[in-house]
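# A look at the structure
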Amino acid sequence: MTAVRVRLRRGIGRGIGRQGAAVALVVMVLVAWLSFPRFGSPDNLRDMALQGSFLAIVALGMTFVIITGGIDLSVGSVYALGGVLAAYGSQWGFVVALVLPLAVCGLIGLLNGVLVARTGMAPFIVTLATLLLARGLLLAITSEGSTTYRIASGSAFLELGRGTVFGFGYPVFLALALCLAGGLVLRRTRFGQSVLATGGAEQSAVLMGLPVARTKVLVYTMSGVLSGFAGAVTAAYLESGVTVIGVGLELDAISVVVIGGTLLTGGAGTVLGTVIGVGLRTVIQNVINQIGTLDSNYQSVVSGAFLLLVVVLQRSLATRAARGT
Amino acid sequence: MVLEVVDATKEFVGVKALDGVSFSVRPGEVHALVGENGAGKSTLIKVLTGVHRPDSGQVLHRGEPVEFHRPLDAQRAGISTIYQEVNLVPLMSVAANLFLGREPRTRFGLVDRARMHAEAAEVLVGYGIHDDVRRPLGTLAVGAQQMVALARAVSADAHVVIMDEPTSSLEPREVETLFSVIERLHERGIAIVYVSHRMDELYRICDRVTVLRDGRHVHTGPLADLPRIELVSLMLGRSVGDIREHGATAFSEEHHAGAEPLLRAEDLTSGRRLAGVSVSIRPGEVVGLAGLLGSGRTETARAIIGALPLDSGTVLLGGKALRGNVGAAVRAGVSLLAEDRKAEGIIPNLSVRENIVLAALPRLSRFGVVSRARQDRVVETFIRRLRIKVSGPEQKVAELSGGNQQKVLLARWLCTQPKVLLLDEPTRGIDVGAKAEVQALIDELARDGLAVLLISSELEELLDGADRLVVLKDGAVVSELVGDRLTRDHVLSAIAAGES
């Protein structure tokens, strides 16, 4: 009798840990749908999907980094740099506009990865340094932000950000496709298993003969490339390389990843969770906009409070698991 | 020779961990590798498995000189290792752990989960594991996790398997499974290097033995020809007569206990861990907790000091109830020397002095300012009294041997002037000499009037050291033994017969 109850309680506890964000998302959507007639309108849904897609691409890379037990603070700067490089490169056509930001941002990610994996420096410090480095590079090529590179109208590159299918923008499909692929890589490839093992017990992973260093280099490179790509797509959508975007984006990305159930200590997490985290954040933002009278800054307050709740929950679940009750 | 080390030397900052050691393993033999802590066993294993590279000397694999730069190189060559601590990933599934790095894949290069799960279940049955292989590894008992590690090591096409104290976390039933696995490997012609302190095990399964002492090779030969006492004397470098005279442990016979219990724990119940354990200890008495791994020994100690949340039960110290938090218990005079030194005790990068005074800081300070002079006095006293071998009080604890680290911890709790001392495996993982010293110290403390609770998985230590034995099984007390009944047979039959 008690055994059944214990098992039941444990099952529910585990469910909250894993699906807490999903439950919160469903509740938020239901409440918003019933309270605000405009919330469920096709236009609003399309807007939300588009807004969420850029963050989702950045957060996908962050998910991998956090699962290895690391953190990437440079994504915001790299994202902005990617946008500016794409706009700058668009004068030479579609290929340069896409390849230039991916290559440069990938190199910054590679630098992060090599420093973290080979020198054993703390990811926090390494990526804080490259955050400054990327931001500085951006300011240098835009004459301290005074030059804004525009993407010529009629350029094929614009399509990447502005094209639509069924009214939904291309970025939405790009983000979905990347997250699907990311989920598959994490769950169903040796590299993905290696990512989970590295974050779960690094020393053991080394002793088991897993390529721990290579795995770290790869996840940071991935994070750089994905952030650069998100920046490029943003530039295509905005039709120019905006220099002031992406400040604080790293914190948004980290928070949606953690809200989605990825352990900040590494070793466990899902891409689906991150997507749900992005969804939750986007919906909260939208609802606050719908209320209208509420200062949009309260959106951060709500996200912050929710993040706290999730972290506290993760912590108590971990303690309970350790106690084995 | 399937694997050989010739004249290997390895030095760590001024200490020669290996000094011209040669060691060889024949195909299909079970080769015991023994020595006290610090004899060089771990370093030798790490040289064999590519974790360390020798400063000089050679590793030969099937007669060919090889250089292993990392563990993966050795694994690829067919040399697998299972370590004393389970080196797997607790958050990942059992099957994933078994196959990490060599997962079966589908045509598209994706991990073939169905096949992985099926194969894992099939393999693990041979190791006595019938759990769902999709469960996270961390939810299995430690013994079962060790079995998964073993299965992993063996299934990797190994022809040499190195086992570093594989039975230290296994229950007797699991030890039997391990031995039957070793038997199977033996038949398949796989060589096994077996590191253990447990004589019974060595004599039961090993063909040959190599003894190391102080980083040097002392002896290699067939184990059956070597009397136990001879083996111990090779390890210790003491004469056989000396050992006979002083016995295996350093406890004296009896203590003079007070009449009234100082600490009385009643009906401690906590989830599935403890089901109504009652223990009382009188001043000057050493009470031993016996029982198998998982019987609730550690949990009882943790419950007494308030580190384990209780569903019910009380702990009375001198008639007054402890409130169930560690801080209050320590202030009231109860100290716990935890089992896991690394995780729960020493702070490796602090000095010996800092580690010792940590718990006593409130008593050594006035208005929040710590008196350095008083610290130095206290630290000096304990270094002398516990015979801690240090270059000075400012030496980093990380640089000390396991036995001396344990003494530093003991000193930490003693300088809070406790009335009750809870010792969880105080001599685990420290060498024989230091072990005797710690045992003698426990004796001395009890004679000074401390109430001591001693937890140990070594029966001899409990039988010699304790005045009274409380036998636990499945979180409940099954027997209490005093006087004449304090024998090995009584303990074993209590554990075997006791049902709760």
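Residues numbered from 1 in each chain as written. Chains lettered and ligands numbered in written order. Predicted model: local features only at pLDDT ≥ 70, side-chain atom pairs only at ≥ 80, totals over all residues. Heavy atoms only, no water.

## Section: the overall build of chain B
The number of helices and strands found in chain B is 19 helices and 22 strands. The C-alpha radius of gyration computed for chain B amounts to 24 Å, which stays within 12% of the reference 23 Å derived for 500 residues, consistent with globular compactness. Along the three orthogonal principal directions, the C-alpha set of chain B runs to about 70 × 50 × 50 Å. In chain B, the share of contacts with a sequence separation of at least 24, taken over all contacts with a separation of at least 6, comes to 65%. Accessible surface, chain B as shown: approximately 22300 Å² in total, 49% of it carbon and sulfur. Where the 60 positive side-chain charges of chain B centre and where its 66 negative ones centre are 6 Å apart. (Helix = DSSP H or I, 4+ residues; strand = E, 2+ residues; numbered from the N terminus. Rg over C-alpha atoms; globule rule 2.2 N^0.38 Å. Contact = heavy atoms within 4.5 Å. Areas by Shrake-Rupley, 256 points an atom, 1.4 Å probe, with all protein chains shown as cover. Lys, Arg positive; Asp, Glu negative; His and termini not counted. Charge placed at Lys NZ, Arg CZ, Asp CG, Glu CD.)

## A word on the sheet that holds strand β14 (residues 312-317) of chain B
Spatially, 4 strands are ordered β12-β11-β14-β15 (chain B) in an open sheet, and the strand pairing comes out antiparallel. Sheet topology places β12 (274-281) and β15 (320-321) of chain B at the edges, where each strand pairs with a single neighbour. (Pairing = 2+ DSSP bridges.)

## Some words on the interface of chain A and chain B
The accessible area lost on association of the parts is a frequent measure of interface size. Taken together, the contacts link 24 residues of chain A with 28 residues of chain B. Taken together, both faces of the contact between chain A and chain B bury some 2300 Å²; the carbon and sulfur share is 57%. Summed over the shared surface of chain A and chain B, the result is 1 salt bridge. Put simply, chain A and chain B have 6 residue pairs in polar contact (both at pLDDT 80 or more) between them. Elements represented by at least two residues in the side of chain A that touches chain B include exactly α7 (170-188), α8 (190-200), α9 (202-207) and α13 (298-323) of chain A. No other element matches α8(A), which puts 5 residues into the side of chain A that touches chain B. Here the residues of the side of chain A that touches chain B are counted per class, giving 11 nonpolar, 8 polar and 5 charged. (Buried area = accessible area lost by both parts, 1.4 Å probe. Salt bridge = Lys/Arg side-chain N within 4 Å of Asp/Glu carboxyl O. Polar contact = N/O pair within 3.5 Å; in protein donor to acceptor, adjacent residues only side chain to side chain. Nonpolar A, V, L, I, M, F, W, Y, C, P; charged D, E, K, R; others polar.)

## Here's the deal with the layout of surface pockets
Estimates place the volume of the second largest pocket at around 1100 Å³. Along its surface, the second largest pocket is lined by 48 residues, and M208(A), G209(A), L210(A), L72(B) and Q75(B) are the ones closest to its centre. Elements represented by at least two residues in the lining of the second largest pocket include exactly α4 (94-119), α8, α9 and α10 (212-238) of chain A together with α2 (71-76), β6 (79-82) and α5 (142-155) of chain B. If one sorts the elements of the lining of the second largest pocket by residue count, α10(A) sits on top with 6 residues. Residue classes in the lining of the second largest pocket are distributed as 22 nonpolar, 14 polar and 12 charged. (1 Å grid on protein atoms, 1.4 Å probe; cavity = no way out; pocket = protein on both sides within 12 Å on 5 of 7 lines; lining within 4 Å. Points joined across faces, edges and corners; volume = space filled by probe spheres on them.)

## A few points about the pairing of β14(B)
Residue and element names in this part refer to chain B. Direction of pairing for strand β11 (residues 263-270) relative to β14: antiparallel, over a ladder of 5 bridges. Its bridge partner being in β14, L263 is matched across the sheet by L317. Bridge count for β14 against β15 is 2 bridges, and the pairing is antiparallel. Looking at β15, one finds that L317 is bridged to K320. Connecting the antiparallel pair β14 and β15 is a turn made up of 2 residues, with G318 showing a positive phi of about 55°.

## With respect to the environment of V232(B)
Assignment of secondary structure puts V232(B) in helix α8 (residues 228-236). Measuring from C-alpha to C-alpha, the distance between V232(B) and R76(B) comes to 36 Å, with 156 residues separating the pair along the chain.

## What about the sheet that holds strand β9 (residues 208-213) of chain B?
In any sheet, the strands associate via hydrogen bonds between backbone groups, in a parallel or an antiparallel arrangement. All names here are of chain B. Taken in spatial order, the 6 strands make up an open sheet running β6-β7-β8-β3-β9-β10, and their pairing is mixed. What marks the edges here is a single partner per strand, and that holds for β6 and β10 (216-222). Between one strand axis and the next, the sheet turns through 15° on average, direction left out of account. Where strand β3 (residues 30-34) meets β9, 4 bridges bridge the pair, whose relative direction is parallel. Residue V34 lies in a different strand from β9, and its bridge partner there is V211. Sheet strands touched by helix α1 (residues 41-48): β3, β6, β7 (160-164), β8 (191-195) and β9. Its angle to β3, the strand with the most contacts, is close to 135°. (Axes fitted to C-alpha atoms, helices over the stretch in contact; angles between N-to-C directions.)

## Observations regarding the packing of helix α2 (residues 42-67) of chain A against α10(A)
Residues and elements named next belong to chain A. Between α2 and α10, whose axes approach to 7 Å, the crossing angle comes to 170°. For the element pair α2 / α10, the angle class is roughly antiparallel. Counting all contacts with α2, which are made through L50, F54, I57, V58, L60, G61, M62, F64 and V65, the residues of α10 involved are V219, Y220, M222, S223, L226, S227, F229, A230, V233, T234 and Y237. Split into classes, the residues belonging to the contact of α2 with α10 amount to 16 nonpolar, 4 polar and no charged. (Parallel < 35°, antiparallel > 145°, perpendicular 65-115°, else oblique.)

## Overview of a positive patch on the surface
A surface patch of positive charge is lined by R363(B), R366(B), R374(B) and R377(B). Along the chain, R377(B) falls in helix α15 (residues 372-385). (Patch = residues over 30% accessible without salt bridge, like charges linked within 9 Å, V, L, I, M, F, W, Y side chains within 5 Å.)

## Describing the packing of aromatic side chains
Residue and element names in this part refer to chain A. If you walk through the whole model with that rule in mind, you get 6 aromatic pairs over all chains. For the ring pair F64 and F191, a centre distance of 6.3 Å and an interplane angle of 10° mean the geometry is stacked. With F64 in helix α2 and F191 in helix α8, this pair connects stretches of sequence that are 127 residues apart. Exposure remark for F64: the relative accessible area of 0% places this residue in the buried category. Centroid distance F94 to F157: 5.9 Å. Interplanar angle 70°. Geometry classified as edge-to-face. Of this pair, F94 sits in helix α4 while F157 is found in helix α6 (residues 156-162), placing the two residues 63 residues apart along the sequence. Here F94 falls in the partly exposed class, since its relative accessible area comes to 36%. (Phe/Tyr/Trp six-rings, centres within 6.5 Å; stacked < 30°, edge-to-face > 60°. Buried < 20%, exposed > 50% of the residue type's maximum accessible area, 1.4 Å probe, protein only.)

## A closer look at the confidence of the model for chain A
On average, residues of chain A carry a pLDDT of 87, and 90% of them reach 70 or more. Scored below 50 in pLDDT, residues 1-16 of chain A makes 5 contacts in the model with residues more than four places away or belonging to other chains. (pLDDT = per-residue confidence, 0-100.)

## As for unusual backbone geometry
The backbone phi angle of D7(B) is positive, close to 55°, even though this residue is not glycine. Turning to its location among the elements, D7(B) is positioned in strand β1 (residues 3-12).

## Overview of the pattern of salt bridges
Residue and element names in this part refer to chain B. All told, the structure shown has 25 salt bridges over all chains when counted by the stated rule. For the salt bridge of D448 with R385, the shortest nitrogen-to-oxygen distance reads 3.4 Å. On the criterion of sequence distance, the pair formed by D448 in the loop between α17 (432-447) and β20 (451-455) and R385 in helix α15 is long-range, its members being 63 residues apart. Using a relative accessible area of 31% as the deciding quantity, one classes R385 as partly exposed. Taken together, the salt bridges that share partners define one network made up of R282, E285, R468 and E480.

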